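Report on the structure
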Amino acid sequence: MPVVTLRAPLKDLAGGNRDLEIAGGTVGDVLRTLEAAWPKTTGWILDEHGAVRRHVNVFRNGERVDATTALTADDRLQVLPSITGGT
Amino acid sequence: MPELLVGTKKGLFVLSDEEAGSYRITARAFAGDVVEYAIRDRRTGRYFASVTSGFYGPRLMFTDDPSGEWQQASGIAFADSDDVSLERIWKVKAGQGDGQLWAGTDPAALWESRDGGETWSRNEALWKERIAGDWQPGLGGLALHSICPWPGDPMKLAVAISAAGVWITDDGGESWRTGYTGLVPEYMPEEARADTNVLCVHNMHRAAARPERLFMQFHGGVYRSDDQGESWTDIHEGLPSPFGFPLVTDPADPDSAFLIPMTGAEDRVAPGGTLAVFGTRDGGATWAPQGEGLPNDAYVTILRQAFDRDGEGDAMGLFFGATSGEVFGSTDAGRSWFTVAPRLAPVTSVRVA
């Protein structure tokens, strides 16, 4: 099952869990399941249209991917803020 | 002296003056995020903050203790089937019904809560007007930033949008009509002005003691309406500039309004660096500068939501914050001013709790 790694503040919104095993066939599937399990994360990573937010990066095994990217059970996802965000 | 909620580019600051005239920071929340707007609903004591993370997007948060834990409100979001995404929550305003609050966003939409601000739903009638009218954004986005309830009547409401003018309802938001008459969009070619709906309202407030009267800061004009916002009369004569964003009215005096003029759209700072609040006590027939205690050589910008009042009449408190990070206050309706906070982050909003 893919593992999703979160940092603060997302980790805090997911009950303090840094690493979560979440089933799903694509990045979007996994992140929507994350939202369902931890509703406070809703809207933080994915926008209203199911796309990864412009200033959030999702990496699969170190490679930047989008919500449509397919996953295998051994994949590791990291969700990180982009260097283009912030004020 | 009142508690102040100061939204900044670097979070929310709560300022209190436990010693008279000496404000200090008593709480800070959302460090690193932009707090676009923050209010306290005086009916319930609940605080609201519109927060935009540079990474994780916009959201509305609420709490009963600003130094404690905040919760995220739900419902202010567009559907996957909409062609837009939420960019910013501009305004939260207590309504006249029990538990009722209103919120305005970019893209321009009006949202209503009937449970004290925990859950929200979009006003579909106004949303349909947006789609039919092909509304256009101003520099700051397509923003519904001004919400003016009618004291004592939850069915009546006026809202203002940059840049889609004034919209009025008498049936609680079931239907809407425009309030365009008299507004002159000088940024449009003359031959296109009569038919345009690109009307860039910068701010609008109701005169509570005479609710059919509203004051407006426009993009190059200051206006007054005496018919619920249906039609408008330009009252900017006597001001150093017709351009600006902040506006405050005195709830006890329907002839009073206060604003902070700035040079035109290309510059947007205090004219000549002379920072001053201009007030009228005769419905806009005359304006008087009120700047004693405010700095000179102050080339600062005061944003739309960064000006508020406390109380009414000659002892009314006035408070505003600048993009320089300074917050100023007055306890005599603007005749004299003092520095509330000298070095916060750029100020996006100021509200008296």
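Because the structure is predicted, anything quoted here is derived from the model rather than measured. (Residues numbered from 1 in each chain as written. Chains lettered and ligands numbered in written order. Predicted model: local features only at pLDDT ≥ 70, side-chain atom pairs only at ≥ 80, totals over all residues. Heavy atoms only, no water.)

A look at the overall build of chain B
When you go through chain B residue by residue, the secondary structure sums to two helices and 28 strands. Relative to the 2.2 N^0.38 estimate, which gives 20 Å for 353 residues, the radius of gyration of chain B is 19 Å and therefore close to what a compact globule would have. Based on the C-alpha atoms only, the size of chain B along its principal axes is roughly 50 × 50 × 35 Å. Considering only residue pairs separated by 6 or more positions, chain B has 47% of its internal contacts joining residues 24 or more positions apart. Accessible area of chain B: about 13200 Å², with a carbon and sulfur share of 46%. When the 30 basic and 50 acidic side-chain charges of chain B are each reduced to a single mean position, those positions are 2 Å apart. (Helix = DSSP H or I, 4+ residues; strand = E, 2+ residues; numbered from the N terminus. Rg over C-alpha atoms; globule rule 2.2 N^0.38 Å. Contact = heavy atoms within 4.5 Å. Areas by Shrake-Rupley, 256 points an atom, 1.4 Å probe, with all protein chains shown as cover. Lys, Arg positive; Asp, Glu negative; His and termini not counted. Charge placed at Lys NZ, Arg CZ, Asp CG, Glu CD.)

As for the sheet that holds strand β5 (residues 76-81) of chain A
All names here are of chain A. With respect to topology, five strands assemble into an open sheet ordered β2-β1-β5-β3-β4, the strand pairing being mixed. Whereas interior strands pair on both sides, the edge strands pair on one side only; in this sheet they are β2 (19-21) and β4 (63-65). Taking the axes of each pair of neighbouring strands and ignoring which way they run, one obtains an average angle of 30 degrees across the sheet. Sheet analysis places strand β1 (residues 3-6) next to β2, joined by three bridges and oriented antiparallel. Within β2, the position partnered with Val3 by the bridge is Glu21. Strands β1, β2, β3 (56-60), β4 and β5 of the sheet are contacted by helix α2 (residues 27-37), whose axis makes an angle of about 70 degrees with β5. (Pairing = 2+ DSSP bridges. Axes fitted to C-alpha atoms, helices over the stretch in contact; angles between N-to-C directions.)

Some points on the interface of chain A and chain B
With 17 residues of chain A in contact, the opposing surface of chain B contributes 20 residues. Summed over both partners, the interface of chain A with chain B buries about 1500 Å², with 49% contributed by carbon and sulfur atoms. Between chain A and chain B we count one salt bridge in total. Salt-bridge contacts for Glu69 of chain B lead to Lys40 of chain A; the nearest nitrogen and oxygen are separated by 3.8 Å. Across the chain A-chain B interface, the total number found is eight residue pairs in polar contact (both at pLDDT 80 or more). (Buried area = accessible area lost by both parts, 1.4 Å probe. Salt bridge = Lys/Arg side-chain N within 4 Å of Asp/Glu carboxyl O. Polar contact = N/O pair within 3.5 Å; in protein donor to acceptor, adjacent residues only side chain to side chain.)

A look at the nonpolar core
Residue and element names in this part refer to chain B. Among the nonpolar cores identified, the biggest contains 35 residues, and Leu4, Val6, Leu15, Leu275, Ile302, Phe307 and Phe320 are the most heavily contacted of them. When contributions to this core are tallied by element, the ones reaching two or more residues are β1 (4-8), β2 (11-19), β20 (243-250), β21 (253-262), β25 (317-321), β26 (327-330), β27 (338-341) and β28 (347-352). When neighbours within four sequence positions are excluded, Ile302 is seen to be in contact with Phe245, Pro246, Ile260, Met262, Leu275, Phe320, Gly321 and Ala322. Ala108, Ile147, Ile168 and Trp176 belong to the second largest nonpolar core, which has 29 residues in total. (Core = buried A, V, L, I, M, F, W, Y, C linked by side-chain atoms within 4.5 Å. Buried < 20%, exposed > 50% of the residue type's maximum accessible area, 1.4 Å probe, protein only.)

Examining α2 of chain A
Each turn of an α-helix holds 3.6 residues, which means side chains three or four residues apart point in the same direction. All names here are of chain A. All of the buried residues in α2 are Val27, Gly28, Val30, Leu31, Leu34 and Glu35. Here the buried residues of α2 occupy an arc of 165 degrees about the axis, which is enough to place them on one side. Those residues of α2 that are buried lie in contact with β1, β2, β3, β4 and β5. (Arc of directions from axis to C-beta.)

What to know about the sheet that holds β25 of chain B
All names here are of chain B. Reading across from one edge, β24-β25-β26-β27 is the order of the four strands in this open sheet, with antiparallel pairing throughout. Sheet topology places β24 (307-310) and β27 at the edges, where each strand pairs with a single neighbour. Put simply, the sheet's adjacent strands are angled 25 degrees from each other on average, direction ignored. Where β25 meets β26, four bridges bridge the pair, whose relative direction is antiparallel.

A look at the pattern of salt bridges
All names here are of chain B. One pass over the structure, following the stated rule, counts 21 salt bridges over all chains. The partner of Arg114 in a salt bridge is Glu112, with the nearest N and O atoms 3.1 Å apart. Note that Arg281 is salt-bridged to Asp314, the shortest N-O span being 4.0 Å. Of the two residues, Arg281 sits in the loop between β22 (277-280) and β23 (288-290) while Asp314 sits in the loop between β24 and β25, which places them 33 residues apart along the sequence. Accessibility expressed as a relative area gives 34% for Arg281, which makes it partly exposed. Three or more residues are tied together by salt bridges with common partners; here these are Arg213, Arg224, Asp226 and Asp255.

Looking at the packing of aromatic side chains
All names here are of chain B. Following the criterion strictly, the structure yields 15 aromatic pairs over all chains and no others. Taken together, a centroid distance of 5.2 Å and an interplanar angle of 70 degrees make the contact between Phe320 and Trp337 edge-to-face. Note that Phe320 is positioned in strand β25 and Trp337 in the loop between β26 and β27, a separation of 17 residues in sequence. The class for Phe320 is buried, based on a relative accessible area of 0%. Above the ring of Trp90, the side-chain terminus of Arg88 is found at 3.5 Å from the ring centroid. Taking NZ or CZ as reference, Arg304 lies 4.6 Å from the ring centre of Trp90, over its face. (Phe/Tyr/Trp six-rings, centres within 6.5 Å; stacked < 30°, edge-to-face > 60°. Lys NZ or Arg CZ within 6 Å of the ring centre and 35° of its normal.)

Brief notes about the side chain of Gln290 of chain B
Along the chain, Gln290 of chain B falls in strand β23. The class for Gln290 of chain B is buried, based on a relative accessible area of 15%.

Some details on the confidence of the model for chain A
Within chain A, residue pLDDT values average 94, and 97% of them lie at 70 or more. Looking over chain A, one finds the lowest element-wise mean pLDDT in β4 of chain A, namely 92, and the highest in α2 of chain A, namely 98. (pLDDT = per-residue confidence, 0-100.)

Topic: the pairing of β1 of chain B
Residues and elements named next belong to chain B. Among the five residues in β1, five count as buried, and that is most of the element. Covered by surrounding structure in β1 are Leu4, Val6 and Thr8 together with Leu5 and Gly7, the residues of both alternating faces. With five bridges connecting them, β1 and β28 associate as antiparallel partners. Bridge assignment links Leu4 to a residue of β28, and that residue is Val352. Here five bridges tie β1 to β2, and the two strands are oriented antiparallel to one another. Bridge pairing links Gly7 to Leu12 in β2. Linkage of β1 to β2, two consecutive antiparallel strands, is achieved through a turn of two residues.

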